[in-house]
Each structure stands twice: as C-alpha cells, then as structure tokens.
Amino acid sequence: MALNDDATLRQMAGLMEVAGVLIAVFDQDDRLRFANRAFRDAWCLDETENPLWSEMMRRNFLSARGTVIKATDFETWLRSTLSRRGKTGFRAYETDLHDGRWLWMTETMQPNGWMLCVASDITSMRPDERTLRQDRDDAIRVSQIDELTGIPSRRFAMAKIDDLLRSQGGAPSQPAGCLAVLDIDNFKYINDRFGHSVGDAVLKDFAKTLHSHVRKTDVLGRVGGEEFVLILPNASPENALTIVGKMLEAVRHSRPVAEQQSFRYTFSAGIASGDSGDSAADLYRRADLALYAAKMRGRNQVCLDPETRLGRVTAAV
C-alpha cells in the first residue's frame, strides 16, 4: 500500500502504539515528528510536544528523568553526542533510564537526515552482563572522540570519508558530497606567544563554534594538532563554500579567551568534491592542496579544489 493512503497511515500508527517497543521519528533538523506513547512516557513528553532532540535531553537532564546522563558539564556532553548522532546509516547502543529501565536503542538514518529510533526493554539482563556491555560501549565511544574538543577523533572522521565515497555507488552523475580540510591560522604563534592554555582554549572554541553550523548528516572531526576535517554528504561545492564561509565569519567574531576580549583568531580551508573513482587519500590530497592555496593567498579564507567537477576556478570567501 502507498504510504500516502490515510487508512494505511492510521493502521501503522495504531500498530506502533501496541508494538511493545519505544518508537520515534526525527526529521533532518533532529526535531521529533512522531513518537508512540511508550516513547513519550519514557522521556516525559506530552502528546502536543515536538521538541528538538537536544531540547528534550537538556530538559530531562535538568529534571533528572529520561536518559541517565553521567556528565557534570551537560553542554560538553551534548556537543560530543551530537557530533556522532546520525552520522551512520545504522547505530545500536544501550542506555539506562532514571526509572530503572535498561534499553537497547537502534537509530536508522535516511540520507536526507530523517531518523527512526526504536528501543526495546532489556532490564531483565543480568547486572554483570550489563556492566560488561556498558564498558565495551564506553571504550568504543572513547576511541571515537577527541578528548580535548569533544568532537570525533581522526579515526572516526577518516572512516567517514570512506563512507562518503562508498555512498556514491559509482554513479558519476550523483556526487557523493564534499570534504573540507580546515586549519587554524598561525596556531604555533598562538601557543608560543600566549601559552598552551590559550592554544587549548582556541581549539575548544573552534570545535564549538564550527559545530553550531554543522548539519545533522555532516561530520566535523579533529585529525591532529590544529587541523580538522568537515565531511559534507550530498553537498555541492557551492553548498560547501556557503557552509564553510559562515564558519569563517563566525570564527572571526569569536572571542575564545574571556579575560582577553581583544584576542581573536582565524582559519583557512580547502574544499574538494568527491568524484567517481576517488579514494579517501585522493580526496584528502585535493582538499589539502586547496587548503595550501588558501594559506598562500593570505589565510583567513577558503579555496575550492580547481579539479572539482563543477568548475576549474579557485574560489575565495
């Protein structure tokens, strides 16, 4: 039956209410668009509410209900979690609720950013088995996150470049997306002149500022030192230039050191579009060469790889 058939949709909704599992659907902006009663009860939502996932988690954290979040700094936890949420086609993990339940959660993503969440109650699992599985999940999470900035690590980010190219499926008429390589300008000078504590503040501010402009399907990761990558699935070079251009402007206005309001910093970026037959190394090399061009042109700008499919001009913002 077609999903635009009203009777079919009503039957589906009815079945999900009695399915015995918790079900929710989030859109490309991570706003709740559908949840069955079991899901709403678990996360203390009434039938008229359709919050963003981040709003739902923030409210539940402050009122100690819903998901148990073991963090002293909620906003850092949220940024770290959002940096991995929705970045894979399918993800499964376990979580516990303040009401004592233990859930097995799955997240299934569409390329357009819509997500289906399904949770099953596994509270009856033996406590020692739970501990072992939670320790395993914690170890995986630590390996995927950069400790200083809270965003994905090099290992996680580089794997997502491979995923970006695999998603193309060999169809040259449908570009997989773009890769941007980002580098903070004059970072060695910042460390030498102001000290490593300021350097660390800049790195954390950079990740936080850029993450506020990242789409749900994008991946921002730190690959080493002051170098970061931004993976933009299904983005044209023009889209990528616009996104990174907004990031440039936001960083120009950022003040990462509260006691030194005159201190500011910038970054440079290079963008390359994923082509049919590209390897992750090829794509990274072209984006890195575009970054080098941005540095040579005076920094504080973004350059487009001249070999991109949509033109042979190098653009600066």
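Anything mentioned here points back to the structure above.
Here goes a summary of the coordinates provided. Please read all numbers here as calculations on a predicted model, not as lab measurements.

Here the focus is the sheet that holds strand S1 (residues 22-26). Sheet architecture is open: 5 strands sit in the order S2-S1-S5-S4-S3, paired in antiparallel fashion. Strands with a single pairing partner mark the edges of an open sheet, and in this sheet they are strand S2 (32-35) and strand S3 (90-96). Neighbour to neighbour, the strand axes of the sheet diverge by 20° on average, direction disregarded. Summarising the sheet, S3 and strand S4 (residues 102-109) pair through 7 bridges and their orientation is antiparallel. Across the sheet, the residue bridging to Ala92 is Thr106, located in S4.

On to the layout of surface pockets, then. Put simply, the largest pocket is a space of about 1,300 Å³. Forming the boundary of the largest pocket are 48 residues, of which Trp77, Thr81, Arg84, Arg91 and Arg141 lie nearest the centre. When the residues that make up the lining of the largest pocket are grouped by side-chain class, the tally is 21 nonpolar, 11 polar and 16 charged.

For Ala71, the location among the structural elements is in the loop between helix H3 (53-62) and helix H4 (74-82). Put simply, Ala71 and Phe61 are 10 residues apart on the chain and 9.5 Å apart in space, counted from C-alpha to C-alpha. Ignoring sequence-local partners within four residues, the contact set of Ala71 consists of Phe61 and Trp77.

Criteria and cut-off values
Every chain's residues receive numbers from 1 upward, in the order its sequence appears when written. The predicted origin of the model limits local features to residues at a pLDDT of at least 70 and limits the giving and counting of side-chain atom pairs to 80 or more, whereas totals for whole chains, interfaces and linings rest on all residues. As a rule here, side-chain values come from all non-hydrogen atoms in the structure, and water together with hydrogens is ignored. The criterion for strand pairing is that DSSP finds at least two bridges linking the strands in question. Secondary structure follows DSSP: runs of H or I at least 4 residues long count as helices, runs of E at least 2 residues long count as strands, and numbering of each begins at the N terminus. Every axis corresponds to a line fitted to the C-alpha atoms, with the helix fit spanning only the stretch in contact, and the corresponding angles, defined between N-to-C directions, vary from 0 to 180 degrees. Only protein atoms enter the calculation, which uses a 1 Å grid: trapped sets of points that fit a 1.4 Å probe without letting it out are cavities, open sets showing protein on both sides within 12 Å along at least five of seven lines are pockets, and any residue with an atom within 4 Å of a point is a lining residue. Grid points are joined across faces, edges and corners, and a volume is the space filled by probe spheres set on the points. Asp, Glu, Lys and Arg are counted as charged, while Ala, Val, Leu, Ile, Met, Phe, Trp, Tyr, Cys and Pro are counted as nonpolar; the rest, among them Gly, fall into the polar class. Between two residues, a contact is recorded if the distance between any of their heavy atoms is within 4.5 Å.

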